Amino acid sequence: FDLQTLPKHSIRTEFFGMRRYGFGTGVGLNYNNNNLLGRAENLTVALNTNLEFVTSNTLNEISPVDENGNRVNTGSAIFQSYEFRVEYSLPRLNRPLRFLSDAPWIESARTRYSLSYSQSNQLFFDINSDVRFNLRYELRHSQRYQSLIDVFELDVVDTDPSSQFRQNLVNEFGEGSLELLRIEEDFRPQFSSVIRYTLRAQNTNLIKRNYGYFSEVSLALAGNVPYLLDRYVITAGETEGELPSPLRISTNALAYSRFVKLSADYRRYFSLTPNAVAAFRFFGGYIHPIGQSDNIPLNRRFFAGGSNDIRGWSPFRLGPGSIPPEEVTIPGGEVKLAAFSELRQTFMKNVLSADWYFAWHTDAGNVWYGPGNQFIDDQETDLLADG
């Protein structure tokens, strides 16, 4: 028997490169404390920051046009962002679900608290602050089944579009246009809250994924916390549709949306030979606004494209429907269907301390606007069915 205790303190650093509009670099620092208060608690504190240099030629291509139809040459620029995150977890249930600790259908449980704060500046647009808090309970029923309950997932995003940002939109789409209203709604400061239940079932090795299956079904109800504050606290008896920023994080009024979100993810793995695996994945999701809401926040919609989604498309650049990427004014959608197939073959083992794979894949899918989207005009109703 070779027994070794976990280190109480550990620090991990990372350096990385990035490529988006330009080239950038970043650094991350992560501190971990095991058994913080002597009862098997874990504390993680992380800080990540990055810088991205974008040339004047690239900015001239992506910057909006002026009132004369000419591109605005902004010169080169450096975009930057940072995030500070704290996570505290303990291997038991805390309130308000502590009463379930002795339930026979729970083998083990974990309570996880997380809090993060981030800022970033971009072309004509800054995120002054993005504050997120999450309280999650992880309940393991058996080796195969697990439940995740997000009791509170709160997100306050304080955005700051510049006057040039809005003027560029007016120049391109016109004052009072539907496109202008869509984009302004997407970039309003937001107060988001989500209550979510997720059921996972798996019979596979989550690292190798070379046999068995993995499935996840999730149901979320969003907007209840800001709605209750709006309806019964801030303006008792009335519903304004927006709130003042909590703790004065922002001087802007915060919009909120209420909606229901359902998603299902199923993955199946077949071992063909000791070195070959066939994998299949199916995903479906639907979001529908409720109450007086008619819009889904940008960060809650479905997107398609990227190396972990519909490959062959850049991240978030596929759809909605058949709209060309350069003509999309309201990105993402309320409906998503996707299917993936992949054949993986090991062709080199233990080279540079890793196994190397060759993969052939076929992906299909898209995102669409849903029937509850009130920003669809008569000329875009085909997006509900056009793939």
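Every value quoted in this text rests on a predicted model; they were computed, and no experiment measured them.

Rules used in this analysis
- Residues numbered from 1 in each chain as written.
- Predicted model: local features only at pLDDT ≥ 70, side-chain atom pairs only at ≥ 80, totals over all residues.
- Heavy atoms only, no water.
- Helix = DSSP H or I, 4+ residues; strand = E, 2+ residues; numbered from the N terminus.
- Polar contact = N/O pair within 3.5 Å; in protein donor to acceptor, adjacent residues only side chain to side chain.
- Patch = residues over 30% accessible without salt bridge, like charges linked within 9 Å, V, L, I, M, F, W, Y side chains within 5 Å.
- Areas by Shrake-Rupley, 256 points an atom, 1.4 Å probe, with all protein chains shown as cover.
- Salt bridge = Lys/Arg side-chain N within 4 Å of Asp/Glu carboxyl O.
- 1 Å grid on protein atoms, 1.4 Å probe; cavity = no way out; pocket = protein on both sides within 12 Å on 5 of 7 lines; lining within 4 Å.
- Points joined across faces, edges and corners; volume = space filled by probe spheres on them.
- Buried < 20%, exposed > 50% of the residue type's maximum accessible area, 1.4 Å probe, protein only.

**Details of the environment of Arg 132**
Argument step 1. Mapped onto the secondary structure, Arg 132 falls in strand β6 (residues 125–140).
Argument step 2. Through-space distance from the C-alpha of Arg 132 to that of Ser 114 is 7.9 Å; in sequence the pair is 18 residues apart.
Argument step 3. A distance of 3.3 Å separates polar atoms of two side chains, one belonging to Arg 132 and the other to Asp 130.
Argument step 4. Among the polar contacts listed, one links the side chain of Arg 132 to the side chain of Asp 155, at a separation of 3.3 Å.

**Some words on a nonpolar patch on the surface**
Argument step 1. Taken together, the side chains of Tyr 266, Phe 270, Leu 272, Phe 280, Phe 282, Leu 343, Phe 347, Leu 352, Trp 356, Phe 358 and Trp 360 present a nonpolar region at the surface, about 1200 Å² in accessible area.
Argument step 2. Secondary structure elements with two or more residues in the nonpolar patch: β12 (259–273), β13 (276–289), β14 (335–351) and β15 (354–368).
Argument step 3. Residue position: Trp 356 is located in strand β15.

**Considerations on the layout of surface pockets**
Argument step 1. The computed volume of the second largest pocket comes to approximately 670 Å³.
Argument step 2. Looking at the second largest pocket, it is lined by 26 residues, and the ones nearest its centre are Lys 261, Ser 263, Phe 283, Arg 301 and Phe 302.
Argument step 3. Taken together, the elements giving at least two residues each to the lining of the second largest pocket come down to β8 (190–202), β9 (212–222), β12 and β13.
Argument step 4. Here the lining of the second largest pocket takes 5 residues from β12, the largest share from any one element.

**Quick notes on unusual backbone geometry**
Argument step 1. With an omega dihedral of 10°, the bond running from Arg 95 to Pro 96 counts as a cis peptide bond.
Argument step 2. Looking at the secondary structure, you find Pro 96 in the loop between β4 (77–90) and β5 (108–122).
Argument step 3. With a phi angle near 60°, Asn 35 is a residue other than glycine that sits in the positive phi range.
Argument step 4. By the secondary structure assignment, Asn 35 is in the loop between β2 (23–34) and β3 (42–54).
Argument step 5. Residue Asn 35 is classed as partly exposed on the basis of its relative accessible area of 37%.

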